[in-house]
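Inside the fold
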Amino acid sequence: MRDTIRFTSKHQHNPTLEDEASDDEGDELRMQENATCCKFNYNGSALITSYNNNNIYLYDTHDNSRYKRKYTGHHNTDTVKGVNFYGMRSEYVMSGSDCGHIFFWDTASEEIVQCLVGEEDGIVNVLEFNPFCPMVASSGLESCVKLWTPNLEDETDLSDLSEITEKNRSRDSFSTDFLNFVSRLGGDRYVAGEFQNECRQS
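Remember, predicted model here, so these are calculated numbers, not experimental data. Position numbers for residues start from 1 in each chain and track the written sequence from start to end. Per-residue local features of the predicted model are confined to residues with pLDDT of at least 70, and side-chain atom pairs are confined, for both listing and counting, to 80 or more; whole-chain, interface and lining totals are unaffected and use all residues. Hydrogens are left out, water is left out, and the side-chain values use all remaining heavy atoms of the structure.

**Some words on the overall build of the protein chain**
Secondary structure assignment for the protein chain yields three helices and eleven strands. Per the convention used, a helix needs a DSSP run of H or I reaching at least four residues, while a strand needs a run of E reaching at least two, with both numbered from the N terminus. Each helix and strand of the protein chain, placed in order from N terminus to C terminus, yields the pattern α-β-β-β-β-β-β-β-β-β-β-β-α-α. Only protein chains enter the accessibility calculation, which uses a 1.4 Å probe; a residue whose area is less than 20% of its type maximum is buried, one above 50% is exposed, and one in between is partly exposed. Split into buried and exposed, the 202 residues of the protein chain put 34% on the buried side.

**Side note on the packing of aromatic side chains**
To describe a pair of aromatic rings, one takes the distance between the centres and the angle between the planes. Stacked, edge-to-face and tilted are the three classes for Phe, Tyr and Trp ring pairs, Trp counted by its six-membered ring, which pair at centre distances within 6.5 Å; planes under 30 degrees apart are stacked, over 60 edge-to-face, the rest tilted. Applying the stated criterion across every chain, the model contains seven aromatic pairs. Geometrically, the ring pair formed by Tyr 86 and Tyr 92 is tilted, given 6.3 Å between the ring centres and 40° between the ring planes. Tyr 86 sits in the buried class, given a relative accessible area of 14%. Relative to Phe 129, the ring of Tyr 86 has its centre 5.1 Å away and its plane inclined at 75°; by these criteria the two rings are edge-to-face. A residue pair is termed long-range when its members are at least 10 positions apart, and Tyr 86 in strand β5 (residues 83–86) and Phe 129 in strand β9 (residues 124–129) qualify at 43 residues. Residues Tyr 86 and Phe 129 agree in their burial class; the two are buried. Clustering of aromatic rings is evident, with ring pairs tying together Tyr 86, Tyr 92, Phe 104 and Phe 129. The side chain of Arg 66 reaches across the aromatic face of Tyr 67, ending 4.5 Å from its centre. Look at NZ for Lys and CZ for Arg. If either is within 6 Å of the ring centre and within 35 degrees of the ring normal, a charge sits over the ring.

**Let's talk about the side chain of Ser 95**
For Ser 95, the location among the structural elements is in strand β6 (residues 92–95). On the basis of relative accessible area, Ser 95 is assigned to the buried category, the value being 0%. The definition of a polar contact used here is a pair of N or O atoms within 3.5 Å, where within protein one atom must be able to donate a hydrogen and the other to accept one, and adjacent residues in sequence count solely through side-chain atom pairs. At a separation of 3.4 Å, a polar atom in the side chain of Ser 95 contacts the main-chain carbonyl oxygen of Gly 82. In this description, contact between two residues means that some pair of their heavy atoms is separated by no more than 4.5 Å. Once you skip the residues sitting within four places of it in the chain, Ser 95 turns out to touch Ile 56, His 74, Gly 82, Val 83, His 101, Ile 102, Phe 103, Trp 105 and Leu 127.

**Here's the deal with the environment of Met 135**
Structurally, the position occupied by Met 135 is in the loop between β9 and β10 (136–140). Spatially, the C-alpha atom of Met 135 lies 6.8 Å from that of Leu 147, the residues being twelve residues apart in sequence. Not counting the four nearest positions on each side in its chain, Met 135 is found in contact with Tyr 86, Glu 128, Phe 129, Asn 130, Leu 147, Trp 148 and Thr 149.

**Brief notes about the pattern of salt bridges**
Between side chains of opposite charge, pairing is possible as soon as their charged atoms come close. Criterion for a salt bridge: a side-chain nitrogen of Lys or Arg within 4 Å of a carboxyl oxygen of Asp or Glu. Inspection of the entire model under this criterion finds six salt bridges. Between Lys 146 and Glu 142 there is a salt bridge, with its nearest N and O atoms 3.2 Å apart. Here Lys 146 falls in the partly exposed class, since its relative accessible area comes to 24%. Judged by its relative accessible area of 29%, Glu 142 falls in the partly exposed class. Here Glu 166 ties to Arg 169 by a salt bridge, and the two come within 3.0 Å at their closest N and O atoms. Of this pair, Glu 166 and Arg 169 both sit in helix α2 (residues 161–186), three residues apart, roughly one helical turn.

**Observations concerning unusual backbone geometry**
A positive phi is found at Ser 90, a non-glycine position, where the angle reads about 55°. Relative to the helices and strands, Ser 90 is located in the loop between β5 and β6. Located in the positive-phi region is Glu 110, a residue other than glycine, with phi close to 70°. Secondary-structure assignment places Glu 110 in the loop between β7 (101–106) and β8 (112–117). For Glu 110, a relative accessible area of 31% gives the class partly exposed.

Okay, structure coming up:
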């Protein structure tokens, strides 16, 4: 008889509830927040998880408590985004964004250290790190896969980073305000998709 491998859930985290412990925004309707991707670091001691609330959280896999790091600035609601580490010892966290940029954060400091235009008119969904050389593969809504390598000739230019992250925050604010407006019209059932169905039937 073949042996079976059974997996059990060791830790369950809801970073949204952890953040809301000190949140005074009241009972405003929030977007349903789901994990879109998770990745272990190089030695399995840490786990990063991307959520569609536009945040990426880092957890200690041996410590069943709240998250240890949070990475922000990108936008993750339009499509399902991946998240990944970069570097032989997972020195960086990287993710695509609805704005078409590729974000790199310093794993330890949470600071954005690089922001690249991944797609001119699309969305970057997936990033994969080559474990044998400093190369990243990206894919999104364009019909191609792009390969990226470090460029030592040009200095990192983050002069427009504040504008990019502010636009992403504005996009998030619009999404939340829209859901709040719809909820006042008829409750959560409209957010769940019944609004469109009822319009067709009327």
